[in-house]
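Observations on the three-dimensional arrangement
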Amino acid sequence: YSFKDVFNQEIQLENKEPVLIKKIIIPIIQRDYAQGRNDADTKRIRKRFLDALYSAIVNKPIILDFIYGDIDENGIMTPLDGQQRLTTLFLLHWYAVKKEENIDEVEYQFLNKFGYETRYSARRFCEKLVKFTPSFNKETLTIEIINQSWFPLDWKKDQTIKSMLVMLDDIDEKSFYKYMYNELPPIDLMIRTSGELRISNFLLWQLSYAEFYFPSKYFPDFHEDDYDKALAEYTKRDRRFGMIKNK
């Protein structure tokens, strides 16, 4: 089953009637969401897990058979193991439905059936996040989210919320960098022919720290010697990658 399919699945309880999973609640006794921490080990784990999830999306599905927990008679599942991965799947599905335009709200109501209740702020954040649709035109999702009127300043201190924001930024970066632009590496030199001094929304992510060269020739007339001139000009540039110039 996918994360979405888990909800409303019929589960046979021991010596009881089958029940449908109606909600997944990460209980207060569980630790904070940790897959968004910024220490080296967690970064490595996060990258590996996201790589596996994206590979499952574009190539072959994977089976996550390590999630289990208690299910009560009301269909409320309380995970005993796998809550970290469930939370990452919740964030990934949120990103997918918000990034894709024109998805009816009914199609992602299942996101409201997930709650991270280690504390009140984490629970409210998940509720607000499901209702929120970002513009995706800010530098990061974190910047856009924390500047919303519904995001109190003290939520920045909540370790679960902080980790969720880091994970969302990594999901967003991986989506742009690896899948929207066919895994192109960062670009060193951008040559825009015909004398036009603009890039027209082209490869904005890869061009973040690129050098630009704007020859007046049109592309059909741009030959090897013109390319050599562009490279010669490039070698004169002082590339600082966003840093200030040393004096």
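Preceding block: the structure.
Residues numbered from 1 in each chain as written. Predicted model: local features only at pLDDT ≥ 70, side-chain atom pairs only at ≥ 80, totals over all residues. Heavy atoms only, no water.

1. Remarks on the overall build of the chain
The condition is simple: Helical segments are the DSSP runs of H or I of at least four residues, strand segments are the runs of E of at least two, and each set is numbered from the N terminus. We compute the radius of gyration over the C-alpha atoms and compare it with the globule rule, which gives 2.2 Å times the number of residues raised to the power 0.38. The buried label applies to any residue whose accessible area, calculated with a 1.4 Å probe on protein chains only, is under 20% of its type's maximum; exposed applies above 50%, and partly exposed to all values in between. Note on contacts: a residue pair is in contact if any heavy atoms of the two residues lie within 4.5 Å. Only the protein chains shown count as cover for residues, with accessible areas throughout obtained via the Shrake-Rupley method and a probe of 1.4 Å. For the purpose of charge, His is not counted, nor are the chain termini; Lys and Arg are scored as positive and Asp and Glu as negative. All charge positions are set by atom: Lys at NZ, Arg at CZ, Asp at CG, Glu at CD.
A tally of helices and strands in the chain yields 7 helices and 8 strands. The C-alpha radius of gyration computed for the chain amounts to 23 Å, which surpasses the reference 18 Å derived for 247 residues by more than 25%, pointing to a less compact arrangement than a globule. Dimensions of the chain, computed from C-alpha atoms along their principal axes, come out at roughly 80 × 40 × 35 Å. Here the chain holds 247 residues, and 37% of them are scored as buried. The contacts in the chain between residues at least 6 apart in sequence include a share of 60% that link residues at least 24 apart. Of the accessible surface of the chain, which amounts to about 15,700 Å², a share of 51% is contributed by carbon and sulfur atoms. The averaged location of the 39 negative side-chain charges in the chain is 5 Å from the averaged location of its 37 positive side-chain charges.

2. Some words on the packing of helix α2 (residues 40–58) against helix α3 (residues 83–99)
Where we set the bar: Angles run from 0 to 180 degrees between N-to-C directions of axes, and those axes are lines fitted to C-alpha atoms, restricted for helices to the stretch in contact. These descriptions rest on fixed angle ranges, namely under 35 degrees for roughly parallel, over 145 for roughly antiparallel, 65 to 115 for roughly perpendicular, and the rest for oblique. Each crossing gets its handedness from the near helix: less than a right angle anticlockwise from the far helix is left-handed, clockwise is right-handed.
For the pair α2 and α3, the least separation of the axes is 12 Å and the interaxial angle reads 50°. As far as their axial angle goes, α3 and α2 are oblique. Crossing of α2 against α3: the hand is right-handed. Along its contact with α2, which presents Phe49, Leu50, Leu53, Tyr54 and Ile57, the element α3 presents Arg85, Thr88, Leu89 and Leu92.

3. Brief notes about the sheet that holds strand β3 (residues 23–26)
The test is simple: Between any two strands, pairing holds if DSSP finds at least two bridges.
Read from one edge of the open sheet, 4 strands run β4-β5-β3-β6, paired in mixed fashion. With partners counted over all chains shown, the strands left at the sheet margins are β4 (68–71) and β6 (114–116), one partner each. The mean inter-strand angle of the sheet, taken between neighbouring strand axes irrespective of direction, is 30°. Pairing of β3 with β6, which is carried by 3 bridges, proceeds in the parallel orientation. Pairing of Ile24 across the sheet is with Phe114, part of β6.

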